Amino acid sequence: MPSNDYPRSEDSAADGKEYRLPKYFLVLGIACMVLFALIGTFSTVTAAVNVDGSFRYPVPTAIFLGCFCSGWTFLGVFLILASCRVRLFVSPQTVRTTGIFRTREVQLPQVGRAIWKSILYKPSGELVFHDPASKVLIHYGNFRKEDQVELIQFFREKLTEHVQEGWDRFALYCVPDIPSLHRRRERARRLSNVLMPVWGAMLIAMSIWDPCGNGVRRWPYGAIGVAAIAWGGIGLYSRWRAAKAAADDKVA
């Protein structure tokens, strides 16, 4: 991965640099695939067998649950493939995007138009390169905010002014504010670490209370609740260790 220094053309290696999707794409894909595969299998079999007679239409319910969970399972598989395949290669001469199914490349010195796009439903923005032979689209939202800043700075400096379009609007709405981003991430982590145990306790209470009156379906609530409490507890413990280490450093 690139360093925190901007990949300026004068100090970039001839081989260029490669940017890949953040690791959370892979983690999310694996979690989504495994979780919905298990839930889908359990719920589909439970509805189809209908041991306690709680499903009025067991077969249609089983088909619906199977299709619903299969869709989310395939989404997880897609995220895993994207994490393994998708990458962006940047050098002073070449910009190459590799997707799951195809690869596109433009020669940077030959780019005739570079359009900075700021789109309401894509707050990170996009950059479209047009050269005589091809077109390449970069979705900045596919990369870490720090990488987005590096790429934006590099292309802004490397491309001549007259080929760039839409920069003013893009700069206003899409250029990341890294200090502000770190503060928002820290607040989100604190909130998540507090809410996860609360959510887990609610799920465990639901598994004990069993509002559906069906003991067969109790255990998923309890299992997910225990996992949520463990996740939040690990996060709180890590934060406490980090705060204690920082305090010890100040004393030293």
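Residues numbered from 1 in each chain as written. Predicted model: local features only at pLDDT ≥ 70, side-chain atom pairs only at ≥ 80, totals over all residues. Heavy atoms only, no water.

So, about the pairing of strand β2 (residues 87–90). Alignment of strand β1 (residues 17–20) against β2, held across four bridges, turns out to be antiparallel. For Tyr-19, the partnering residue across the bridge sits in β2 and is Leu-88. Note: β2 against strand β3 (residues 94–98), four bridges, orientation antiparallel. The residue of β3 that forms the bridge with Val-90 is Val-95. Counted along the chain from β2 to the antiparallel partner β3, the turn is three residues long. (Pairing = 2+ DSSP bridges. Helix = DSSP H or I, 4+ residues; strand = E, 2+ residues; numbered from the N terminus.)

As a volume, the second largest pocket reaches approximately 590 Å³. Contributing to the lining of the second largest pocket are 21 residues, with Val-86, Gly-99, Leu-137, His-139 and Asn-142 lying nearest its centre. Of all the secondary-structure elements, those providing two or more residues to the lining of the second largest pocket are α2 (58–85), β2, β3 and β7 (135–139). Per-element accounting of the lining of the second largest pocket gives the leading share, four residues, to β7. In terms of residue class, the lining of the second largest pocket is made up of 12 nonpolar, five polar and four charged. (1 Å grid on protein atoms, 1.4 Å probe; cavity = no way out; pocket = protein on both sides within 12 Å on 5 of 7 lines; lining within 4 Å. Points joined across faces, edges and corners; volume = space filled by probe spheres on them. Nonpolar A, V, L, I, M, F, W, Y, C, P; charged D, E, K, R; others polar.)

Over its 27 residues, helix α1 (residues 23–49) extends 39 Å from the first C-alpha to the last, a length consistent with the 39 Å expected when each residue adds 1.5 Å. Phe-25, Gly-29, Cys-32, Phe-36, Gly-40, Ser-43, Thr-46 and Ala-47 are the residues of α1 that are buried. Lining the buried residues of α1 we find α2. Just past α1, the residue Asn-50 takes up positive phi, approximately 55°. (Expected span 1.5 Å × (residues − 1). Buried < 20%, exposed > 50% of the residue type's maximum accessible area, 1.4 Å probe, protein only. Contact = heavy atoms within 4.5 Å.)

In this section: the pattern of salt bridges. Under the criterion given, the structure shown has six salt bridges. The partner of Glu-105 in a salt bridge is Arg-96, with the nearest N and O atoms 3.1 Å apart. With relative accessibility at 33%, the residue Glu-105 sits in the partly exposed group. Given a relative accessible area of 28%, Arg-96 falls into the partly exposed group. Of the charged contacts in the structure, one is a salt bridge between Glu-165 and Arg-113, with a shortest N-O distance of 2.9 Å. Note that Glu-165 is positioned in strand β8 (residues 164–165) and Arg-113 in strand β5 (residues 113–119), a separation of 52 residues in sequence. The exposure class assigned to Arg-113 is partly exposed, which follows from its relative accessible area of 37%. When salt bridges with common partners are traced through the structure, they connect Arg-144, Glu-146 and Asp-147 into a single cluster. (Salt bridge = Lys/Arg side-chain N within 4 Å of Asp/Glu carboxyl O.)

Our next topic: the environment of Gln-107. Examined against the element boundaries, Gln-107 turns out to sit in strand β4 (residues 103–107). Distance from Gln-107 to Asp-131, taken between C-alpha atoms, is 7.1 Å for residues 24 residues apart in sequence. For Gln-107, the contacting residues outside a window of four places in its chain are Gln-93, Thr-94 and Asp-131.

To continue, consider the nonpolar core. For soluble globular proteins, nonpolar side chains are generally found buried alongside one another. Core analysis: the biggest nonpolar cluster contains 24 residues, and Val-95, Phe-129, Ile-138, Tyr-140 and Phe-155 have the highest contact counts within it. At the level of secondary structure, the elements contributing two or more residues to this core comprise β2, β5, β6 (122–130), β7, α3 (145–158) and α4 (167–173). Sort the elements by how many residues they give to this core and α3 lands first, with four residues. With residues up to four places along the chain from it excluded, the contact list for Phe-129 reads Val-95, Val-106, Leu-108, Val-111, Arg-113, Ala-114, Ser-134, Lys-135, Val-136, Ile-138, Phe-155 and Leu-159. Judged by nonpolar contacts, the second largest core, of six residues, contains Leu-21, Leu-79, Ala-82 and Ile-100. (Core = buried A, V, L, I, M, F, W, Y, C linked by side-chain atoms within 4.5 Å.)

Strand order in the open sheet formed by four strands is β1-β2-β3-β4, with antiparallel pairing between adjacent strands. The open sheet has two free edges, formed respectively by β1 and β4, since each of these has just one partner strand. Strand-to-strand twist in this sheet, taken as the mean axis angle between neighbours without regard to direction, amounts to 15°. Sheet strands touched by α2: β1, β2 and β3. Its angle to β1, the strand with the most contacts, is close to 170°. (Axes fitted to C-alpha atoms, helices over the stretch in contact; angles between N-to-C directions.)

The grouping of Arg-102, Arg-104, Lys-117 and Lys-135 at the surface amounts to a positive patch. With respect to the helices, strands and loops of the structure, Arg-102 is situated in the loop between β3 and β4. (Patch = residues over 30% accessible without salt bridge, like charges linked within 9 Å, V, L, I, M, F, W, Y side chains within 5 Å. Areas by Shrake-Rupley, 256 points an atom, 1.4 Å probe, with all protein chains shown as cover. Lys, Arg positive; Asp, Glu negative; His and termini not counted. Charge placed at Lys NZ, Arg CZ, Asp CG, Glu CD.)

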